[in-house]
Amino acid sequence: MAIVQPGRPDPTRALGVGGQIGAPEPAPSESGMGLEATLPAVAPEPSTAESHASLDEPSGSFAPPSRRVNGSANEREIASPAPAADIAYTPKDNFDARFERVLATVRANRPHDDLDLIRAAWDFCQEQHEGQRRASGEPYVIHPLEVAQVLADLKMDATAIAAGLLHDAVEDTDVSTQEISRRFGEQVAHIVEGVTKLDKIKFANREDHQAENIRKMLLAMVTDVRVVIIKLADRLHNMRTLEHLRPEKQQRIAKETLDIYAPLAHRLGMGKLRGELEDLAFRYVDPLSYAKLTTEVDAIRGEGEAFLDRIVSTIDAKLRDTSIHARVESRIKRLYSIQQKLNAHGVPVDQVYDLFAVRVITQTEQDCYAVLGLLHSTWRPVPGRFKDFIAMPRPNLYQSLHTTLIAEGGHQFEVQIRTEDMHRVAEEGIAAHWKYKASDNVSAKDEQRLAWVRQLMEWQREMSDPNEFMSTLRIDLYPEEVYTFTPKGKVIVLPKDASPIDFAYAIHTDVGHQTTGAKVNGRIVPLRYRLRNGDIVEITTQAGHTPSRDWLSFAKSSRARNKIKHWLNEHQRERAIEIGRKLLEREARKYKVSL
């Protein structure tokens, strides 16, 4: 955080966007923000906003809100331009107006929550950060206030919003966690402590510091997932205002966002937030590709939106004719998602098959399949492009039907069909059901989302090397899934290119340890065989069989790799002890010493 004390010249005032001098370089932090800038949502480009969301997760950014043009049966979302950055020296009245907007959002989403807790946290926040300014030159309190607004938009509870307002208090002021606990309760204090960086501990290098901060955050997240939701909201606002940092810091922070925070949002099912983080980071990580792609997409935008309007009108008419109640949305794919497709397939922009997409949101699951049949009878489906994530949800619980269709003129477009509840889960993930929780208990579905974190936290006790921890985390954050089956039909979701060894450890640790062979679709295969979608896998075991170090060369899942490593380390230790005992006994006999 860059703080300019009252009475001292503010070196950032004379600088334009992208320049920053003044405060000394801070210790590295897990968020990488160091000198964090804060201005109200500055859109990266008009073309990266809400309407470019990848429809398998996000449909846009949290702020500014979209303008909606309502049709008879469809709802087109049009990205609004971000407000101008005009509050670098915001008067207190503007603070109060923004805070009242936070309260109004909470009141609308959670009418029974304790607003007094949020008011007390806001008063304390203003008191503690008084006189502090950020690298942009504006009052520091704008940042926690904007974080609170993101949390309110996510329908988070009063405890989370109070913690969001206080999330930098322990780190950047003289306030202690004990005082936060005394004033606001243990829950708020626990969340604030989980978000607070480890700046008072000296590390050998930036990578070790980053690893330990993320480890600390994930440990706190296991007991209260609101820790990571606040961290993601914090990172989102910092990314919106990244232009006030030096280019090298912009690059480092944006890369960390793409490597850690956007995938973390994805694993928690928070597709809307993930989409905005990716597009904001893309602008800084690869500015040349960003500028080139923006130009190319803008060149086809007008024609593409006209094409989507025709498709939406046709779907509306079909829905009315069949009396299916649904709403229809459309968009052009997000810039970062397009870039990923270009890198993977080496095709020009206009050949990305899901560049144009339509989403149909129905009332019931049965209607989803009815709409699918309706669309397939209207346009030709592209073979191999149909995916049923309703019957087989993704690990982050995302559900939807995906199909790609060919319209007149050979133009392809993607359609996603889901219910309102599936849509809310796809957009907000683990935050989606916060509005409906009557207690602090974690639901079964949320527990499923957090299972991988709990496993990671168990394994991290065995990882003394921070680089190994970060490597395992990155594997877990990028789950390209393969859907396989047991002979009895149970679905086992594994990473891409997983082997029968990964399958065995997914069943049970002992099954993995004792694996001697495997059959896939009734045929004997080697243990290093790469599993594919739909494979039926049968594992052969033998009592007393033990893991081989060679398995690490083709095991892909972090669960399998960590179980194998743990077994090898334990038995190497036992073997070393046994060898040491024999050597000691031999020497004792040699010198006739009694043991």
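The shown structure was predicted, so the numbers you read here are calculated from the model rather than taken from an experiment. (Residues numbered from 1 in each chain as written. Predicted model: local features only at pLDDT ≥ 70, side-chain atom pairs only at ≥ 80, totals over all residues. Heavy atoms only, no water.)

### A short note on the overall build of the protein chain
(1) Moving on: Assigned secondary structure in the protein chain consists of 20 helices and 13 strands.
(2) Moving on: By residue count, 55% of the 595 residues in the protein chain fall in the buried class.
(3) Moving on: Taking the contacts inside the protein chain whose residues are at least 6 apart along the sequence as the reference set, 70% of them involve residues at least 24 apart.
(4) Moving on: Accessible surface, the protein chain: about 26,500 Å² in total, of which carbon and sulfur atoms supply 51%. (Helix = DSSP H or I, 4+ residues; strand = E, 2+ residues; numbered from the N terminus. Buried < 20%, exposed > 50% of the residue type's maximum accessible area, 1.4 Å probe, protein only. Contact = heavy atoms within 4.5 Å. Areas by Shrake-Rupley, 256 points an atom, 1.4 Å probe, with all protein chains shown as cover.)

### Observations concerning the pairing of strand β7 (residues 401–406)
(1) Moving on: In terms of residue burial, β7 counts as a mostly covered element, since five of its six residues are buried.
(2) Moving on: By the bridge criterion, two bridges tie strand β5 (residues 380–381) to β7 in an arrangement that is antiparallel. Along β7, the bridge assignment pairs P381 with L405.
(3) Moving on: Where strand β6 (residues 387–388) and β7 come together, two bridges link them in antiparallel fashion. Its bridge partner being in β7, D388 is matched across the sheet by L401.
(4) Moving on: As defined by bridge partners, β7 adjoins strand β8 (residues 412–419) across six bridges and the pair is classed as antiparallel. Paired with I406 across the strands is Q412, a residue of β8.
(5) Moving on: If you look at the hairpin formed by β7 and β8, you'll find five residues sitting between the two strands, and G409 has a positive phi there, around 85 degrees. (Pairing = 2+ DSSP bridges.)

### So, the nonpolar core
(1) Moving on: Formed by 106 residues in total, the largest nonpolar core has its most connected members in I180 and F413.
(2) Moving on: No other element matches helix α12 (residues 287–322), which puts nine residues into this core.
(3) Moving on: Every residue in contact with F413, bar those within four places of it in the chain, is listed here: F307, I311, Y353, F356, V358, W379, T403, T404, L405 and A407.
(4) Moving on: In terms of nonpolar packing, the next biggest core, distinct from the first, is built from 23 residues, L494, A504, L531 and A555 among them. (Core = buried A, V, L, I, M, F, W, Y, C linked by side-chain atoms within 4.5 Å.)

### Points about the packing of helix α9 (residues 226–240) against helix α11 (residues 271–285)
(1) Moving on: With their axes 10 Å apart at the nearest point, α9 and α11 run at an angle of 35 degrees to one another. As α9 packs across α11, the resulting crossing turns out to be left-handed. Of the residues in α11, those in contact with L232, R235, L236, M239 and R240 of α9 are L273, E276, L277, L280, A281 and Y284.
(2) Moving on: Split into classes, the residues belonging to the contact of α9 with α11 amount to eight nonpolar, no polar and three charged. (Axes fitted to C-alpha atoms, helices over the stretch in contact; angles between N-to-C directions. Left-handed = near helix turned anticlockwise from the far one by under 90°. Nonpolar A, V, L, I, M, F, W, Y, C, P; charged D, E, K, R; others polar.)

### Digging into a nonpolar patch on the surface
(1) Moving on: Side chains of L584, Y591, V593 and L595 sit close together on the surface and give an oily, nonpolar patch of about 480 Å² of accessible area.
(2) Moving on: Of note, V593 is situated in the segment after α20 (558–590). (Patch = residues over 30% accessible without salt bridge, like charges linked within 9 Å, V, L, I, M, F, W, Y side chains within 5 Å. Salt bridge = Lys/Arg side-chain N within 4 Å of Asp/Glu carboxyl O.)

### Focus: the pattern of salt bridges
(1) Moving on: Here the structure, examined in full by the defined rule, presents 24 salt bridges.
(2) Moving on: Between R240 and E276 there is a salt bridge, with the nearest N and O atoms lying 2.8 Å from each other. Within this pair, whereas R240 is found in helix α9, its partner E276 is found in helix α11, the two being separated by 36 residues in sequence.
(3) Moving on: Residue classification places E276 among the buried positions, given a relative accessible area of 10%.
(4) Moving on: Taking the shortest distance from any N to any O, the salt bridge between K333 and D354 comes out at 3.0 Å. Residue K333 is found in the loop between β3 (326–332) and α13 (335–345), and its partner D354 is found in the loop between α13 and β4 (356–362); the two are separated by 21 residues along the sequence.

### A look at helix α4 (residues 158–165)
At 3.6 residues per turn, the α-helix brings residues three or four places apart onto the same side.
(1) Moving on: Summarising burial for α4: eight of the eight residues are buried, a large majority.
(2) Moving on: Those residues of α4 that fall on the buried side of the exposure criterion are A158, T159, A160, I161, A162, A163, G164 and L165.

### Side note on the packing of α12 against helix α14 (residues 365–378)
(1) Moving on: Packing of α12 against α14 brings their axes to within 11 Å, and their N-to-C directions diverge by 125 degrees. When the interaxial angle is binned, α12 and α14 end up oblique. Every pair of crossing elements has a handedness; the one defined by α12 and α14 is right-handed. Between α12 and α14, the residues in contact are T314, I315, K318, L319 and T322 and V371, L374, L375 and T378, respectively.
(2) Moving on: Looking at the contact of α12 with α14 residue by residue, the classes come out as five nonpolar, three polar and one charged. (Parallel < 35°, antiparallel > 145°, perpendicular 65-115°, else oblique.)

### Regarding the sheet that holds strand β12 (residues 523–525)
(1) Moving on: Reading across from one edge, β12-β11-β13 is the order of the three strands in this open sheet, with antiparallel pairing throughout. If you trace the sheet from one side to the other, it starts and ends with β12 and β13 (537–541), each paired once. Pairwise comparison of adjacent strand axes, ignoring direction, gives a mean angle of 35 degrees for this sheet.
(2) Moving on: Relative to β13, strand β11 (residues 515–520) runs antiparallel, the two sharing five bridges. Each bridged residue has a counterpart across the sheet, and for T515 the counterpart in β13 is T541.

### Considerations on helix α3 (residues 142–153)
(1) Moving on: Relative to the 16 Å expected for twelve residues at 1.5 Å per residue, α3 spans 17 Å between its end C-alpha atoms, a close match to the ideal helical length.
(2) Moving on: Burial analysis of α3 places eleven of its twelve residues in the buried class, the great majority of the element.
(3) Moving on: Within α3, the full set of buried residues consists of I142, H143, P144, L145, E146, V147, A148, Q149, V150, L151 and A152.
(4) Moving on: Residue K155 follows α3 closely and has a positive phi angle near 65 degrees. (Expected span 1.5 Å × (residues − 1).)

### Notes on the environment of A588
(1) Moving on: Counting through the fold element by element, A588 comes out in helix α20.
(2) Moving on: Its relative accessible area of 8% is what places A588 among the buried residues.
(3) Moving on: Setting aside residues no more than four positions away along its own chain, A588 makes contact with V593 and L595.

### Some words on unusual backbone geometry
(1) Moving on: One non-glycine residue, K155, lies in the positive phi region at around 65 degrees.
(2) Moving on: Inspection of the secondary structure puts K155 in the loop between α3 and α4.
(3) Moving on: Here the phi dihedral of N521 falls at roughly 55 degrees; this positive angle occurs in a residue that is not glycine.
(4) Moving on: With respect to the secondary-structure elements, N521 resides in the loop between β11 and β12.
(5) Moving on: On the accessibility criterion, N521 (49% relative accessible area) is partly exposed.

### Notes on the packing of aromatic side chains
(1) Moving on: Across all of its chains, the model carries eight aromatic pairs by this definition.
(2) Moving on: Here the aromatic rings of F99 and W122 are separated by 5.3 Å at their centres, their planes lie at 15 degrees, and the arrangement is stacked. Of the two residues, F99 is situated in helix α1 (residues 92–109) and W122 in helix α2 (residues 115–128); the sequence distance between them amounts to 23 residues.
(3) Moving on: Look at W122 and you get buried, because its relative accessible area is 2%. (Phe/Tyr/Trp six-rings, centres within 6.5 Å; stacked < 30°, edge-to-face > 60°.)

Everything listed here is a matter of geometry and, on its own, says nothing about what the molecule does.
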